[in-house]
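Commentary on secondary and tertiary structure
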Amino acid sequence: MVSERTLMLIHYLTGLGILVAGAVHIGTVFLTAPVKENLEFAGSPFAVMGVYRNAILAGSLEALLLFVAFHAFNGLRVILIELYQSPRWEHAVTWALTVVALLVVIYGTRTIIIAYSIAQGVA
Amino acid sequence: MSGTSEVLLRVYRYDPSNGGKPRYQNYRVPTFRGMTVLDALIYIKENLDPTLSIRYSCRMASCGSCGMTINGLPRLACFTQISELRSKYILVQPLRNLPIIKDLVADLDEFFNKHKLVKPYLIRRDVEEQENPREQYRQSEEELERYVQFAYCIKCALCYSACPVVSTDKSFPGPQALAQLYRYYIDTRDEAREERIRIVDGAHGIWRCHFADSCSQVCPKGVDPALAIQLMRREMMFGPSKG
Amino acid sequence: MAGRRNGLAVLVEALRTWLVPYRYGLERWSYTLQRISGVVITLYFVAHIVETGYVVGGPSVWTIRPDAQQYAERVWTETIKFLSNPLFDAGLAIIGFFVAFHTINGIRLFLAHFGWGLGRPTRPEPMHRPQSMSPTQRALFWASIAFAVFALVYTTNAFFGVLA
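Bear in mind the structure is a predicted one, so any value in this text is a computation, not a measurement.

Rules behind the numbers
- Throughout this document, residue positions are counted from 1 along each chain, in the order its sequence is written.
- For naming, the first written chain is A and the first written ligand is 1, with later ones following in the order written.
- Residue-level local features of this predicted model are given only where pLDDT is at least 70; pairs of side-chain atoms are given and counted only at 80 or more, and the full residue set underlies all totals for whole chains, interfaces and linings.
- Secondary structure elements follow DSSP: runs of H or I no shorter than four residues count as helices, runs of E no shorter than two count as strands, and numbering proceeds from the N terminus.
- To sort residues by burial, count the other C-beta atoms lying within 10 Å of each one's C-beta; a count of 20 or more means buried, 12 or fewer means exposed, and anything in between means partly exposed. C-beta atoms are built from the backbone.
- Two residues form a contact once the distance between their C-beta atoms, set from the backbone, is within 7 Å.
- Atoms considered for the radius of gyration are the C-alpha atoms alone. The globule rule reads 2.2 Å times the number of residues to the power 0.38.
- Two strands make a pair as long as DSSP finds a minimum of two bridges between them.
- Angles run from 0 to 180 degrees between N-to-C directions of axes, and those axes are lines fitted to C-alpha atoms, restricted for helices to the stretch in contact.
- Angles below 35 degrees are treated as roughly parallel, those above 145 as roughly antiparallel, those between 65 and 115 as roughly perpendicular, and all remaining angles as oblique.
- Put simply, a crossing is left-handed when the front helix is turned counterclockwise from the back one by less than a right angle, and right-handed when it is turned clockwise.
- Lys, Arg, Asp and Glu make up the charged group, whereas Ala, Val, Leu, Ile, Met, Phe, Trp, Tyr, Cys and Pro make up the nonpolar group; the residues left over, Gly among them, are polar.
- Nonpolar cores are built from buried Ala, Val, Leu, Ile, Met, Phe, Trp, Tyr and Cys residues. These are joined into a set through C-beta atoms within 7 Å.
- Residue ranges assigned to each domain were obtained from an automatic or database domain assignment.
- pLDDT expresses, on a scale from 0 to 100, how confident the predictor is about each individual residue.

Quick look at the overall build of chain A now. The helix and strand inventory of chain A stands at 4 helices and 0 strands. Moving toward the C terminus, one meets the helices and strands of chain A in the order α-α-α-α. Going through the 123 residues of chain A one by one, you find that 29% of them count as buried. Restricting to contacts in chain A with at least 6 residues of sequence separation, those with at least 24 account for 71%.

Before going further, it helps to examine the overall build of chain C. Helices and strands together make up the secondary structure of chain C, namely 5 helices and 0 strands. Put simply, chain C runs from its N terminus to its C terminus through helices and strands in the order α-α-α-α-α. Taken against the 2.2 N^0.38 rule, which gives 15 Å for 164 residues, the C-alpha radius of gyration of chain C at 22 Å runs more than 25% over that of a compact globule. Principal-axis analysis of the C-alpha atoms gives chain C an extent of 75 × 50 × 30 Å. Here chain C holds 164 residues, and the buried ones make up 30% of them.

Moving on to the sheet that holds strand E3 (residues 67–70) of chain B. Residues and elements named next belong to chain B. The 5 strands are arranged E2-E1-E5-E3-E4 in an open sheet whose pairing can be described as mixed. On the outer flanks of this sheet lie strand E2 (23–30) and strand E4 (73–76), each paired with one strand and no other. Averaged over all pairs of adjacent strands, the angle between their axes in this sheet comes to 35 degrees, without regard to strand direction. Bridge analysis of E3 against strand E5 (residues 89–93) gives 2 bridges, and the strand direction is antiparallel. Bridging from a neighbouring strand, Ile70 pairs with Val92 of E5. Its contacts with the sheet place helix H1 (residues 37–48) against strand E1 (6–13), E2, E3 and E5, and it is angled at close to 95 degrees to E2.

Next up on the list: the packing of helix H6 (residues 175–185) of chain B against helix H9 (residues 225–238) of chain B. Residues and elements named next belong to chain B. Where H6 meets H9, the closest approach of the two axes is 8 Å, and the angle between their N-to-C directions is 55 degrees. Relative to H9, the element H6 lies oblique. Handedness of the crossing formed by H6 with H9: left-handed. Counting all contacts with H6, which are made through Pro175, Gln176, Leu178, Ala179, Leu181, Tyr182, Arg183 and Tyr185, the residues of H9 involved are Pro225, Ala226, Ala228, Ile229, Leu231, Met232 and Glu235. For the contact of H6 with H9, the class distribution of residues is 12 nonpolar, 1 polar and 2 charged.

Let us now look at the nonpolar core. If you look at the biggest cluster of nonpolar residues, it comprises 72 residues, and the most contacted ones within it are Ala77, Leu178, Leu181, Tyr182, Ala228, Ile229 and Met232 of chain B. Both domains that furnish three or more residues to this core are identified here as domain 1 (6–106) and domain 2 (109–238) of chain B. If we skip the residues at most four places from it in the chain, Met232 of chain B touches Leu178, Leu181, Tyr182, Tyr185 and Ile206 of chain B. Formed by 26 residues, the second largest nonpolar core is a distinct cluster that contains Leu61, Val68 and Phe73 of chain A together with Val99 of chain C.

With that out of the way, let us pick up the interface of chain A and chain C. The partner chain C presents 28 residues to the 26 residues of chain A that form the contact. Elements represented by at least two residues in the side of chain A that touches chain C include exactly helix H1 (4–32), helix H3 (55–83) and helix H4 (87–122) of chain A. When residues of the side of chain A that touches chain C are assigned to their parent elements, the largest contribution, 10 residues, is made by H4 of chain A. For the side of chain A that touches chain C, the per-class residue count stands at 18 nonpolar, 6 polar and 2 charged.

Across the boundary between the two partners, chain B contributes 34 residues, which contact 29 residues of chain C. Counting residues per element, the ones that place at least two in the side of chain B that touches chain C are helix H4 (141–148), helix H8 (214–218) and H9 of chain B. Here the element with the most residues in the side of chain B that touches chain C is H9 of chain B; it accounts for 7 residues. Residues belonging to the side of chain B that touches chain C are distributed by class as follows: 16 nonpolar, 10 polar and 8 charged.

All names here are of chain B. Relative orientation of the contacting elements helix H2 (residues 109–117) and H6 amounts to 20 degrees, with a least axis distance of 8 Å. The angle between H2 and H6 falls in the class roughly parallel. In this structure, H2 meets H6 at a crossing whose hand is right-handed. Each of Lys114, His115 and Leu117 in H2 lies in contact with H6, whose residues at this interface are Gln176, Ala177 and Gln180. For the contact of H2 with H6, a count of residues per class yields 2 nonpolar, 3 polar and 1 charged.

Residues and elements named next belong to chain B. Within the element layout of this structure, Ser57 appears in the loop between H1 and E3. Given 11 C-beta atoms within 10 Å, Ser57 falls into the exposed group. It is 20 Å that separates the C-alpha atoms of Ser57 and Val11, two residues lying 46 residues apart in sequence. Excluding anything up to four places from it in sequence, Ser57 contacts Cys63 and Ser65.

Residues and elements named next belong to chain A. Per-residue pLDDT for chain A has a mean of 84; in total, 80% of the residues score no lower than 70. Of all helices and strands in chain A, the one with the weakest mean pLDDT is helix H2 (residues 45–49) (63), whereas H3 scores best (94). Here residues 34–42 scores under 50 on pLDDT; set against residues more than four positions off or in separate chains, the count is 12 contacts.

Following this line, the structure appears as structure tokens:
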């Protein structure tokens, strides 16, 4: 098992990673591509998907997905093991959250890959 | 005693031998200048209700016996003047996060056990030296300054009672124990750094501190346990500092 | 306060200490807000992954559809229609507030947890002010509140045009 110290170190590092990748995400999606004038995304989805045409931006989005998934579900784990203490509970919480986090990462990765492929076709 | 003004004390009562249902009881107490909450409780015990249980000893904030929750915050009853509360109504409850023995007396066993857990004494590698010390250890002023603040701790359990983590995580050592861990860790005379780190490096150890700073807020001696915990965490993340 | 700890009592006690920071000072408020915002952002994050997943085909499609563009266009329009209601807009504004707060306060906690921006140990005199509440820490806390309020105003204005 990974030690608590390592988990918390990754927690801090992913936090910093989110700072960077999140800024890129918000910067590209909100401030440049589709919504300069209005925030309603009323135009075409390809304005947003156009972002994915760039492999580096798509990669940074994948990184953001991984960072947020770890940071968020490790945070939930911390809250839940502070709520109640028993080895069984901690074991169950850790495994359940790992599974959920993995599902979210797999599903999100699929979205990014498909969107990237579609964007290539559109271009 | 002028007795011109009065204060209403609403006191938590709980007697496990007598049904064991917690309840509150009101007492009207005449006040005088400089009167502390402890003075008021002693007045109640002497004049109004001898069945009230309180624990106190030195009456000058150096023994740490009379910690209780006064108007919602953990404070020392002897160190809290009625005038400073700015209220005609004072709610007195036992310390939170601890089992109650009777009325305002909290059971500190759990608290002291966690204090013992961090080995609050100097450890020398040399067993002979540990058992029968012969050497004299010299420290510079600077080396003393590193830990002396945390050595002011009187073990009153106010920080333990204020900590939001302790309230649900009973395996968390608590601010007092972690601050004492750092106090001995950073002491130049101590030789058990790795051992001390191992004690609190678990899932319910030092990493569960979220720096809510309530411990430092309520400490009557200015020990600042939150600072000690953060400095300890730095040592554990980046390796031991020099010295 | 007395009595055995059963499941419900533990939960009530937990919610009481986590959600009622009253009387303990600014740092306790930051602890509560950081915790609430973390949970809310996690919920938003999962919802966001699910929602964007629908645009490229939903959970059942794992290849690129031949009609991917038309499909995406259609689902996008439907999603926009579904999401364009004041409730979701207000929710997004709150998410904006929480994300901004969690970011700056997270930086503050990152620094504090590694002992940066805190004072040094001193000999406490009576009426001592803890060094862990250093001016740097306090300034960063207020910066996180200010940034969060700015994000709230910005998003609220974008959705509801309150400043126009």
